[in-house]
Amino acid sequence: MRKIFFISIWVCAYMLTSCHNAHNHRAAEHNHEMHDDHDEDHHDEDEDEHDHDHDHAKKGNHPDGEIAFTCQQAKEAGLKTETVTAGEFAHVIKASGKIISASGDEVTLVAPVSGIISFASGSLAEGKSISNGESIAHISSQNMAEGDVVTKLKNELTAATAEYERLKSLVEDKIVTAREFEDAKLRYEQAKNAYSAVAVKASGKGVAITSSMKGYLKNLLVGAGEYVEVGRPIAVIAKNQKMQLRADVSERYFHLLNGVRSAHFKMTYDDHLYKISEMGGRLLSVGKSSTENSGTVPVTFEFNNVGNIVSGAFAEVFLLLQPNEKVLSIPVSALAESQGIFFVYVQHESECFVRREVKLGQNNGERVEILSGLNEGDKVVTDGSTQVRLASNSTAIPAHNHNH
């Protein structure tokens, strides 16, 4: 019996020991799995931190806003750059202006007789080239109640000639007074001049109106079939060789006008910048008082017409005064604008560009003063900035992803 009792105690002890060992083994396995998971998490964190540091390093080399633009793209876009340097830049006064013909460069044709006007060419129009001595119109009075002017003048000359010849013989015999003879002589000379002026230009079409110089038809002042009185202006012929630029300057700049040296200007119908200094031009006059009702002072230049400038056209004028030294300036073509903010593209590396906001000073139509945003030595895009801007929307340098 005692033997059976001890055997039972031994079996129970063995079972308790086995259970305890199994529990410890499972706990150890659990702890080992947690340790492995922790190592894996720690490894992933190290990997992420490494990737983050690597990406951050790459972003440090290529700052936000940098634009990739390859040499091939630059060649295709005709891209040009200019290194910013300090130099002379003249003080500028901006004004509106107008092109006018120079004195002696145009002539007004007038009607030599009264009558109905007809044009010599059905295609006569302003801007047409006119030769010296060319007929542009005829005036006829053949079907008018007063009769044909040419015939009338001829008859008056015949009568005046006869009277003059009659009195000429009588005055020698003192039958008529010298005063009567002089009056007859005067009437004869007037009739002769009047008839001679129109006879050489008369034809079956009437009396021709001819140009006295070579040029172009600037203004046609009458219409075909219109009745005109003698002396009425018919047309204006201009040589279009010498022209004048009249700038209308606000009177608030009057105290600066004595410093005006030259000017640049742009016509309203094209973007070309004209320079008085390159057109054989010179300053003619500076007004001493403001124009009535306009509050402006006229400043006038004369220049040689280069063939693309139309008399009577309006212009944007940049008056140039004494230059200032050590001014940063760039070509106007380098500027880009967005919502009233101006910026340029600066070359950062051979194929990398950065957009830079700039604050502008004065503008002479060709170059613009830079007050802030650029430093001497910066290389800015002067031609092709539009292509660089378009490239910024699609080829900005991305952050570098490093995969292990």
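We now turn to the structure provided with this report. Numbers given to residues run from 1 along each chain, matching the order in which its sequence is written. Side-chain atom pairs in this predicted model are given and counted only at pLDDT of 80 or more, local residue features only at pLDDT of at least 70, and totals for whole chains, interfaces and linings cover all residues. The side-chain figures draw on all heavy atoms in the structure; neither hydrogens nor water molecules are used.

## Looking at the environment of Glu165
Mapped onto the secondary structure, Glu165 falls in helix H3 (residues 149–172). On a C-alpha basis, the gap between Glu165 and Tyr188 in space is 9.5 Å, while along the polypeptide they are 23 residues apart. Strands here mean DSSP runs of E at least two residues long; helices mean DSSP runs of H or I at least four residues long; both are numbered from the N terminus.

## Digging into the sheet that holds strand S7 (residues 135–140)
Pairing between strands is defined by DSSP: at least two bridges between the two strands are required. Reading across the sheet, the five strands line up as S8-S9-S7-S5-S11 and stay open at both edges, with antiparallel pairing between neighbours. Strands with a single pairing partner mark the edges of an open sheet, and in this sheet they are strand S8 (202–203) and strand S11 (227–228). Across two bridges, S8 lies against strand S9 (residues 206–210) in antiparallel orientation. Bridge pairing links Ala202 to Val207 in S9.

## Comments concerning the packing of aromatic side chains
The description of two aromatic rings rests on the distance between their centres and on the angle between their planes. Aromatic pairing here means that ring centres of Phe, Tyr or Trp (its six-membered ring) are within 6.5 Å. Orientation follows from the plane angle: under 30 degrees is stacked, over 60 is edge-to-face, and everything else is tilted. Here the structure, examined in full by the defined rule, presents five aromatic pairs. Ring geometry for Phe265 against Tyr274: centres 5.3 Å apart, planes inclined by 20 degrees, an arrangement best described as stacked. Residues Phe265 and Phe303 carry aromatic rings whose centres are separated by 5.5 Å and whose planes lie at 45 degrees to one another, so their mutual orientation is tilted. Placement of Phe265 in strand S14 (residues 262–267) and of Phe303 in strand S17 (residues 296–304) is noted, with a sequence separation of 38 residues between them. Only protein chains enter the calculation, and the probe is 1.4 Å; a residue is then buried if its accessible area is under 20% of its type maximum, exposed if over 50%, and partly exposed in between. According to the relative accessible area criterion, Phe303 is buried, its value standing at 0%. Three or more aromatic residues joined by ring pairs form one cluster here, namely Tyr164, Phe181 and Tyr188.

None of this, on its own, says anything about what the molecule does.
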